[in-house]
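One letter stands for each residue in the lines below.
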Amino acid sequence: MDSHSDEPAGDIKRGINQDSADKTPPTDDGVRILVVDDQSNVRDVFKTILSLKITGCRVDVAVNGAEAVDMFRQIRHDILLMDLHMPVMDGETAFYEIQKLCKNEGIRMPAVIFCTGYSPSEKFTQRVAADPLHCILHKPVTSGDLMAAIQPRLKIINKLPAP
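Residues numbered from 1 in each chain as written. Predicted model: local features only at pLDDT ≥ 70, side-chain atom pairs only at ≥ 80, totals over all residues. Heavy atoms only, no water.

Q: Give a detailed account of the packing of aromatic side chains, specifying residues and quantitative values.
A: Going through the model one piece at a time under the given rule, you end up with five aromatic pairs. For the pair phenylalanine 95 and tyrosine 96, a centre-to-centre distance of 5.5 Å together with 65 degrees between the ring planes defines the contact as edge-to-face. Using a relative accessible area of 1% as the deciding quantity, one classes phenylalanine 95 as buried. Relative accessible area serves as the criterion here: at 26%, tyrosine 96 is assigned to the partly exposed category. Between tyrosine 96 and phenylalanine 124, the ring centres sit 6.0 Å apart and the planes meet at 80 degrees, which makes this aromatic pair edge-to-face. Of the two residues, tyrosine 96 sits in helix α4 (residues 91-105) while phenylalanine 124 sits in helix α5 (residues 122-129), which places them 28 residues apart along the sequence. Its relative accessible area of 1% is what places phenylalanine 124 among the buried residues. Site record: aromatic cluster; members linked through ring pairs are Phe95, Tyr96, Phe114 and Phe124. (Phe/Tyr/Trp six-rings, centres within 6.5 Å; stacked < 30°, edge-to-face > 60°. Buried < 20%, exposed > 50% of the residue type's maximum accessible area, 1.4 Å probe, protein only. Helix = DSSP H or I, 4+ residues; strand = E, 2+ residues; numbered from the N terminus.)

Q: How would you sum up the pairing of strand β1 (residues 32-36)? Please name residues and give values.
A: Counting buried positions along β1 gives five out of five residues, so the element sits mostly inside the fold. Here β1 shows a buried face lined by Arg32, Leu34 and Val36 and a second buried face lined by Ile33 and Val35. In terms of handedness, the path from β1 via helix α2 (residues 40-53) over to strand β2 (residues 58-62) forms a crossover that is right-handed. (Right-handed = clockwise from strand over helix to strand, strands pointing away.)

Pasting the structure below:
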């Protein structure tokens, strides 16, 4: 998170969702989420929020787009939370690589929620907006923003046929 926003960290310190009615119900076999960001504090905060908010959620982390592609190739995550601006391979390139992998192997594309402090190109923004499976959030991202983006995508991926 940006240093001027401590809302997610504050939520974590207070213990998000101690009331089980606030939790997203578990999916059939647990949702697999990959958090991709080169900043360790962002990865840690997102992982904590997801673990507390989504029952049965399994969260993996990657530090750049290249790691994300490799991890997705092995694990087949349901949702990716991905930064756009990272060293080695940026989020946009990783998105296209994962899209190509899914097409070539006949597997379901994961929902991708981009979390960025930068303005993506208009072309990329339009491409993401054209598919309800994906979206772009602008940092700083609060726990409420994160869950508002994830919850409808959980519903979408649970309705899609298995790969």
